Amino acid sequence: MGRKRDPTEVVKLGPGRKSKKQKPPTFIAPKNDISTVIFSYRLKKRLEKQEVKKNAKQKLIEKNVKQKKLVEKNVKQKKLVEKHQFESEDDSESESLDDEQEIIQLVKDKKKKPLGSEEKKRVLEKSTPVPKTNVKAQLGKRKHSESEEESELESEDSELDDEPDVESDEEVDAESDEFEQVTDDEDSDVEQVTDDEDSDEEGEDDSDEEDSDDENQAEKGYTDENKEWLKPVKKSKSGLKKVVEEAESGSESDGSDMADDFGESSDEEEDEDEMEESEDEMTLPVEKAAKKLIKKQKRDKKLAEEELKTNISHTETFVLPSGQEVEKENILLCLLPQNVAPDITLIHQRIRDVMQVLGDFKERRQEGRNRKDYIEQLHKDLCTYYSYNEFLMDKLMQLFPLEIIEFLEANEVQRPVTIRTNTLKTRRRDLAQALINRGVNLDPIGKWSKVGLVVYDSQVPIGATPEYLAGHYMLQGGSSFLPVMALAPQENERVLDMASAPGGKTTYIAALMKNTGSLFANDASQERVKAIVGNIHRMGITNTVVCNYDGRQFENILHGFDRVLLDAPCSGTGVISKDPEVKTNKDEKDIMRCAHIQKELLLSAIDCCDAKSKTGGYIVYSTCSVMVEENEWVIDYALKKRDVKIVPAGLDFGRDGFTNFGKHRFHPNMKQTKRFYPHTHNLDGFFVAKLKKFSNRIPKDENKEIKEEARIPENPVPIETKDPEEKSKEVVKKKKASQGKGKQGKFSKKNSKRTDKQKKKFRPGKFKKFKTNPSSRQRQNHKS
Amino acid sequence: MRPLTDDETKTFFEKLSKYIGENIKLLLDRPDGAYCFRLHKDRVFYVREDLMKKAGHIARKNLISLGTSFGKFTKTGLFRLHITALDFLAPYAKYKIWVKPNAEQQFLYGHHVMKSGLGRITENTTQYQGLVVYSMNDLPLGFGVAAKSTAECRHTDPMTVIAFHQADIGEYIRSEDTIL
């Protein structure tokens with residue numbers, strides 16, 4: 001299905017058959033003189049070799065050229081005198097022109113002789129001169145010996161400088177092509193052979209396309225419903241495919257098409273050339289060649305433009321299936337039991353088509369359809385193709401409006417296995433050596449970590465080598481290094497890891513602390529705590545106390561930590577590749593439930609931290625979720641509730657957190673938080689935020705809100721979703737109250753007094769008290 | 001969590017001295033801080049004193065582990081060393097045995113050490129002497145008891161057991177749940 005792919009590979013949209021044949025895009029170098037182009041050492045070497053090879057051939061050609069020129073020289077003498085005034089033109093430019101002319105002549109001459117097949121193809125395929133660089137070098141040599149001729153040629157070139165702009169543009173382009181050709185010399189043979197084959201296919205392809213176009217038109221013409229939906233699916237599919245291919249090939253460079261066309265057009269040109277020749281026999285062959293070249297280039301440009309236009313028109317033919325059609329598809333599927341699964345390829349094509357249209361909506365859209373239609377269709381197709389539920393897809397599309405496909409594809413691929421060296425027991429180099437000896441293929445994880453290693457493949461189970469058992473390394477995702485790096489624990493500090501199972505981050509913290517100070521590893525799950533114990537002992541860590549509390553109550557047991565790490569339990573939307581069930585079993589309730597717990601945990605974590613700590617006072621919050629609700633929103637909440645500020649996480653890569661997302665507007669410092677995505681960093685989806693506590697005071701107005709938040713939600717969704725809206729409503733209410741200082745205002749005052757009384761009753765963290773129903777609490781209020 | 005009683009201390013130190021002899025002293029008098037043994041839920045933990053005091057805040061029910069676990073007292077009052085103690089046994093061990101690479105894996109799966117897998121053994125090891133098992137590149141793999149003295153080892157056939165298996169680092173995977 002092509003769903004698995006190498007995440008390191010650059011994703012190219014639409015691998016059509018045409019694009020396969022295309023060479024990687026060449027970037028047009030800035031317009032500079034050829035004389036300034038710097039050749040690499042290898043290139044130079046190669047050029048020299050080729051030069052030696054061809055010298056023999058070249059000499060023959062040169063002779064021919066010389067003879068011709070000598071004959072014509074006499075005739076031209078007069079003209080030359082007139083044209084000498086142009087000679088002040090740029091030397092290099094004229095030189096380059098000179099090259100081109102020369103080459104064309106060479107080509108002509110070579111055509112007469114038996115050519116090396118390779119060269120022939122080059123000439124045919126590239127609309128521009130053959131290994132110019134080679135020839136240039138050769139020319140350079142020749143120029144030394146034949147200074148006469150050079151001057152002559154230069155003068156002729158200057159004549160052609162009437163259209164320098166077109167010339168130079170094309171030239172640079174051609175040059176860059178040429179460079180590739182030269183550097184890939186060994187490969188070029190193979191490539192060209194395949195190219196040839198492709199071009200054969202190309203021909204068929206074209207004809208197919210025409211057919212399919214016809215079909216499309218025919219389909220449009222259908223008025224009978226039955227006809228429409230009884231038509232074989234395959235046909236329409238192929239039609240769509242073709243359209244897409246066309247569009248894609250069009251959207252990329254037209255270089256290949258030009259190259260293909262050139263084979264045919266060159267023949268026509270020759271005919272034309274003969275005509276021209278008869279017209280002005282007086283001009284030099286070199287001149288003629290140059291003129292011919294310019295004309296050809298113009299023609300190619302025109303063709304390319306036309307092609308582009310036709311491509312655009314092709315994309316316009318992509319028709320969004322109407323709702324009825326989609327339903328019919330479903331009916332069809334029901335009718336045909338052997339075809340139960342929806343046609344994946346068809347859906348895939350449609351996804352691409354829609355993405356194509358959305359890429360340039362103004363130009364490519366079908367008239368009468370708005371963006372919403374396309375997006376809805378895309379949403380539906382993505383859900384079926386990648387088997388996500390609608391809610392999650394909705395969220396993801398909001399998060400990644402442009403890179404949704406990349407993200408989803410990256411979720412289909414496993415992240416690389418990474419291990420972390422236990423610096424308490426060994427060094428990374430020693431460990432790598434030991435593992436290599438066991439037949440493990442590995443590499444350092446990257447510049448950002450000095451302890452990480454990526455395991456590519458292994459002959460032994462990497463989680464059961466004697467080194468692993470001896471605690472020399474820990475199997476750990478690359479992303480879980482990040483929160484600890486952000487935390488940056490120092491020696492002799494008091495550190496708390498609030499949700500620590502299975503102990504990957506805990507052991508890293510302990511290693512950074514070099515077994516000094518004290519580290520508290522807490523986890524709420526009785527089962528998972530055992531894993532922490534095992535890992536801690538295996539890694540030889542002695543400064544850790546493992547305990548089993550609900551993190552939300554931890555502040556009541558111990559506080560005054562220098563640093564607190566909270567790797568909160570989350571919905572796991574960043575690690576879908578690890579646990580694909582997340583795709584289907586998460587809905588809004590789950591996300592909100594997670595967010596709720598996270599808020600409570602984060603407040604507790606902040607309370608555990610000591611702002612007066614000499615070295616620390618930092619809290620790091622991380623999740624393996626990409627949802628804004630579980631990340632920025634939680635941080636934003638903490639910023640309002642506690643005296644904390646966001647500080648840079650100390651990670652020099654990753655995307656910045658959102659400062660505004662949808663309807664939410666977060667604190668501007670939110671951009672100092674970091675997000676990591678599977679498709680951009682090849683890590684699990686991750687969020688890291690570092691907070692600095694600047695006072696142990698708990699802001700006063702928080703009690704009321706805590707009460708709201710801490711109430712264990714029977715129906716968590718309305719509470720959370722209402723939140724921002726309610727606030728806005730409240731603001732409106734307040735405004736009203738302030739405007740009309742009537743009864744309402746008094747009433748609200750009374751209310752506020754009541755809440756003040758309540759405040760004294762309720763202390764944060766005593767959650768049991770909040771369990772009473774809101775209604776009963778109201779009753780109490782009335783009594784008081 | 002409480003200090004060990006005299007009886008407990010006696011049985012515990014007796015057991016420990018089988019492996020590290022009088023080096024127990026070194027465990028208690030350390031230059032880098034005061035360390036102590038504490039009993040918690042029948043388990044003996046070796047922990048730095050200041051850390052122990054901090055852990056005192058945590059309820060008995062919720063405290064899972066502190067410092068390093070050395071082993072546990074059985075219901076019959078004997079002491080059993082766990083693999084987690086290896087970090088402190090290995091550096092002070094008096095008697096050692098090295099196993100060949102092909103026997104390494106055998107030992108890590110919980111088998112005894114055969115004569116065929118014997119690489120090296122400390123001189124004048126007596127029978128039933130506690131010893132620490134190393135791989136040939138000096139990686140501590142576990143500990144056990146000598147089934148034969150060094151002299152006897154020389155003359156036995158390859159399939160006889162040289163050392164009885166007691167604990168190995170493979171237990172971190174095999175019995176993660178019961179390790180503590």
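Everything numeric in this text was worked out from a predicted model, so none of it was measured.

What should I look at first to understand the overall build of chain B in this one?
When you go through chain B residue by residue, the secondary structure sums to seven helices and 12 strands. Carbon and sulfur atoms provide 52% of the accessible area of chain B, an area that totals close to 8700 Å².

What should I look at first to understand the overall build of chain A in this one?
Along chain A, the regular secondary structure elements total 32 helices and 15 strands. Within chain A, buried positions represent 49% of all 784 residues. The contacts of chain A with a sequence gap of at least 6 include a subset with a gap of at least 24, amounting to 77%. For chain A, the exposed surface amounts to about 40200 Å²; the carbon and sulfur share of it is 52%.

What is the right way to read the interface of chain A and chain B from this model?
Where interface size is given, it is often the accessible area lost as the parts come together that is meant. On the side of chain B, 30 residues touch chain A, which itself brings 35 residues to the contact. Summing both sides of the interface, chain A and chain B together bury roughly 2700 Å²; the carbon and sulfur share of this comes to 63%. Summed over the three residues of chain A that lose the most area to chain B, namely Leu469(A), His537(A) and Thr542(A), the buried surface amounts to 24% of that side. Linking chain A with chain B are two salt bridges. A salt bridge links Lys425(A) to Asp87(B), with the shortest nitrogen-to-oxygen separation between them at 3.2 Å. On the surface where chain A and chain B come into contact, there are 11 residue pairs in polar contact (both at pLDDT 80 or more). Listed by contribution, the elements that provide at least two residues to the side of chain A that touches chain B are α20 (466–469), β6 (518–522), α23 (526–538) and β7 (544–547) of chain A. For the side of chain A that touches chain B, the element with the highest residue contribution is α23(A), accounting for seven residues. Of the residues contributing to the side of chain A that touches chain B, the split by class is 16 nonpolar, 13 polar and six charged. The pairing of β7(A) with strand β4 (residues 63–66) of chain B spans three bridges and is antiparallel. Bridge assignment links Val546(A) to a residue of β4(B), and that residue is Ser65(B).

Whenever I open this one, unusual backbone geometry confuses me. Can you help?
For residues that are not glycine, phi is negative in most cases, and the peptide bond is trans in most cases. Residues and elements named next belong to chain A. Cis geometry is found at the peptide bond from Ala 501 to Pro 502, where omega equals 0°. Tracing the chain through its elements places Pro 502 in the loop between β5 (494–497) and α22 (504–513). Of note in the backbone geometry, Ser 387 takes a positive phi value of approximately 50° without being a glycine. Structurally, the position occupied by Ser 387 is in the loop between α16 (371–386) and α17 (390–399). Despite not being glycine, Ala 488 has its phi angle at roughly 50°, a positive value. Note on placement: Ala 488 falls in the loop between α21 (482–487) and β5.

Honestly, α16(A) in this entry has me stumped. Any pointers?
Since the α-helix turns once every 3.6 residues, residues separated by three or four places project in the same direction. Here α16(A) contains 16 residues, and its C-alpha end-to-end distance of 22 Å stays within 8% of the 22 Å for a straight helix at 1.5 Å per residue. All buried positions along α16(A) are accounted for by Tyr374(A), Gln377(A), Leu378(A), His379(A), Asp381(A), Leu382(A), Cys383(A), Tyr385(A) and Tyr386(A).

Sorry if this is basic, but what is going on with the sheet that holds strand β6 (residues 79–81) of chain B here?
The pairing of strands in a sheet happens through backbone hydrogen bonds and is either parallel or antiparallel. Residue and element names in this part refer to chain B. The strand order across the open sheet formed by five strands is β1-β2-β3-β5-β6, and the pairing between neighbours is antiparallel. Two strands close off the open sheet at either side, each with one partner strand: β1 (2–3) and β6. Here β1 runs beside strand β2 (residues 35–40); their pairing, made up of two bridges, is antiparallel. Looking at β2, one finds that Arg 2 is bridged to Leu 39.

Looking at this model, I keep getting lost on the packing of aromatic side chains. Mind explaining?
Here a ring pair, both rings aromatic, is described through the centre-centre distance and the interplanar angle of the planes. By the definition in use, this model includes 28 aromatic pairs over all chains. Measuring from ring centre to ring centre gives 5.5 Å for Phe361(A) and Tyr374(A), while their planes differ by 90°; the resulting arrangement is edge-to-face. Separated by 13 residues along the polypeptide, Phe361(A) in helix α15 (residues 361–364) and Tyr374(A) in helix α16 bring together distant segments of the chain. Across this residue pair, the class does not change: Phe361(A) and Tyr374(A) are buried. Through successive ring pairs, a cluster of aromatic residues spans Phe12(B), Phe13(B), Tyr35(B), Phe37(B), Tyr46(B), Phe70(B), Phe73(B), Phe79(B) and Phe88(B). When the ring centre of Phe361(A) is taken as origin, the NZ or CZ atom of Arg371(A), which lies over that ring, is 4.4 Å away. Lys690(A) extends its terminal NZ or CZ atom over the ring of Tyr618(A), reaching a point 4.4 Å from the ring centre.

I keep staring at the side chain of Arg642(A) and nothing clicks. Help me out?
All names here are of chain A. Considering the arrangement of structural elements, one finds Arg 642 in the loop between α27 (632–641) and β10 (644–647). Judged by its relative accessible area of 3%, Arg 642 falls in the buried class. In terms of polar contacts, Arg 642 uses its side chain to reach the side chain of Asp 607, at 2.8 Å.

Explanation requested: the nonpolar core in the structure shown.
It is characteristic of soluble globular proteins that their nonpolar side chains tend to be buried jointly. With 175 residues, the main nonpolar core has Leu382(A), Leu396(A), Ile404(A), Leu602(A), Ile635(A), Leu16(B) and Phe70(B) as its most contacted residues. Taken domain by domain, the makeup of this core includes at least three residues from each of domain 1 (2–87) and domain 2 (93–174) of chain B. Excluding its chain neighbours within four sequence positions, the residues that come into contact with Ile635(A) are Leu602(A), Tyr621(A), Ile646(A), Met670(A), Phe687(A), Ala689(A) and Leu691(A).

Quick question: what am I supposed to make of the environment of Ile375(A) here?
Residue and element names in this part refer to chain A. Structurally, the position occupied by Ile 375 is in helix α16. Put simply, Ile 375 and Val 354 are 21 residues apart on the chain and 7.9 Å apart in space, counted from C-alpha to C-alpha. In contact with Ile 375, other than residues within four places in its own chain, are Leu 358 and Met 397.

Explain helix α1 (residues 6–20) of chain B here, please?
Residues and elements named next belong to chain B. Taking 1.5 Å per residue as the helical rise, α1 with its 15 residues ought to reach 21 Å, and the 20 Å between its terminal C-alpha atoms agrees with that figure. Of the residues making up α1, those classed as buried are Glu 8, Phe 12, Leu 16, Tyr 19 and Ile 20. Seen along its axis, α1 keeps its buried residues to an arc of 75°; they face one direction. Away from the buried face of α1 by more than 90 degrees, exposed residues Asp 6, Asp 7 and Lys 10 are located. Within two residues after α1, Gly 21 carries a phi angle of roughly 60°, on the positive side.

For this particular structure, what's the right way to read the pattern of salt bridges?
Between side chains of opposite charge, a pair can form as their charged atoms come close. Tallied over the entire structure, the rule returns 28 salt bridges over all chains. The salt bridge involving Arg427(A) is made with Asp430(A); its shortest N-O contact spans 3.2 Å. Put simply, Arg438(A), Glu467(A) and Glu104(B) are held in one network by salt bridges that share partners.

Can you walk me through the sheet that holds strand β10 (residues 130–135) of chain B in this structure?
Residue and element names in this part refer to chain B. Taking strand neighbours across the sheet as the criterion, the six strands line up as β8-β12-β11-β10-β7-β9 in an open arrangement whose pairing is mixed. The open sheet terminates on both sides in strands that have one partner only, identified here as β8 (113–114) and β9 (118–121). With two bridges connecting them, β8 and strand β12 (residues 161–168) associate as antiparallel partners. Considered in β12, the bridge of Val 113 is made with Ala 163. Where helix α5 (residues 101–108) meets the sheet, it contacts β7 (96–99), β8, β10, β11 (140–146) and β12, and its direction lies at approximately 80° from that of β11.

Where do I start with the packing of α16(A) against helix α18 (residues 404–412) of chain A in this structure?
Think of two packed helices as two axes; the pair is described by the angle between the axes and how far apart they sit. All names here are of chain A. The contact between α16 and α18 brings their axes to 12 Å, and the two run at 10°. Classified by the angle between their axes, α16 and α18 sit roughly parallel to one another. Across the interface between the two elements, Leu 382, Tyr 385 and Tyr 386 of α16 pack against Ile 404, Ile 405, Leu 408, Glu 409 and Glu 412 of α18. Within the contact of α16 with α18, the residues separate by chemical class into six nonpolar, no polar and two charged.

I tried to follow the pairing of strand β3 (residues 452–458) of chain A on my own but got confused; where do I start?
Residues in a regular strand project their side chains so that they alternate between the two faces of the sheet. Here strand β1 (residues 417–421) of chain A runs beside β3(A); their pairing, made up of four bridges, is antiparallel. Its bridge partner lying in β3(A), Ile419(A) is registered against Leu453(A).

It is not clear to me how the side chain of Glu403(A) should be interpreted in this structure. Could you clarify?
Residues and elements named next belong to chain A. Relative to the elements of secondary structure, Glu 403 occurs in the loop between α17 and α18. At a separation of 3.3 Å, a polar atom in the side chain of Glu 403 contacts the side chain of His 679. Residue contacts for Glu 403: discarding those within four places in its chain leaves Arg 655, His 679 and Thr 680.

I would appreciate a short explanation of the confidence of the model for chain B in the present structure.
Interpreting fine coordinate detail is not advised for predicted regions of low pLDDT. Across chain B, pLDDT averages 91, with 100% of residues at or above 70. Interface confidence in the predicted complex, given as ipTM, is 0.96; pTM for the same model is 0.61.

How each quantity is defined
Residues numbered from 1 in each chain as written. Chains lettered and ligands numbered in written order. Predicted model: local features only at pLDDT ≥ 70, side-chain atom pairs only at ≥ 80, totals over all residues. Heavy atoms only, no water. Helix = DSSP H or I, 4+ residues; strand = E, 2+ residues; numbered from the N terminus. Areas by Shrake-Rupley, 256 points an atom, 1.4 Å probe, with all protein chains shown as cover. Buried < 20%, exposed > 50% of the residue type's maximum accessible area, 1.4 Å probe, protein only. Contact = heavy atoms within 4.5 Å. Buried area = accessible area lost by both parts, 1.4 Å probe. Salt bridge = Lys/Arg side-chain N within 4 Å of Asp/Glu carboxyl O. Polar contact = N/O pair within 3.5 Å; in protein donor to acceptor, adjacent residues only side chain to side chain. Nonpolar A, V, L, I, M, F, W, Y, C, P; charged D, E, K, R; others polar. Pairing = 2+ DSSP bridges. Expected span 1.5 Å × (residues − 1). Phe/Tyr/Trp six-rings, centres within 6.5 Å; stacked < 30°, edge-to-face > 60°. Lys NZ or Arg CZ within 6 Å of the ring centre and 35° of its normal. Core = buried A, V, L, I, M, F, W, Y, C linked by side-chain atoms within 4.5 Å. Domains from an automatic or database assignment. Arc of directions from axis to C-beta. Axes fitted to C-alpha atoms, helices over the stretch in contact; angles between N-to-C directions. Parallel < 35°, antiparallel > 145°, perpendicular 65-115°, else oblique. pLDDT = per-residue confidence, 0-100.

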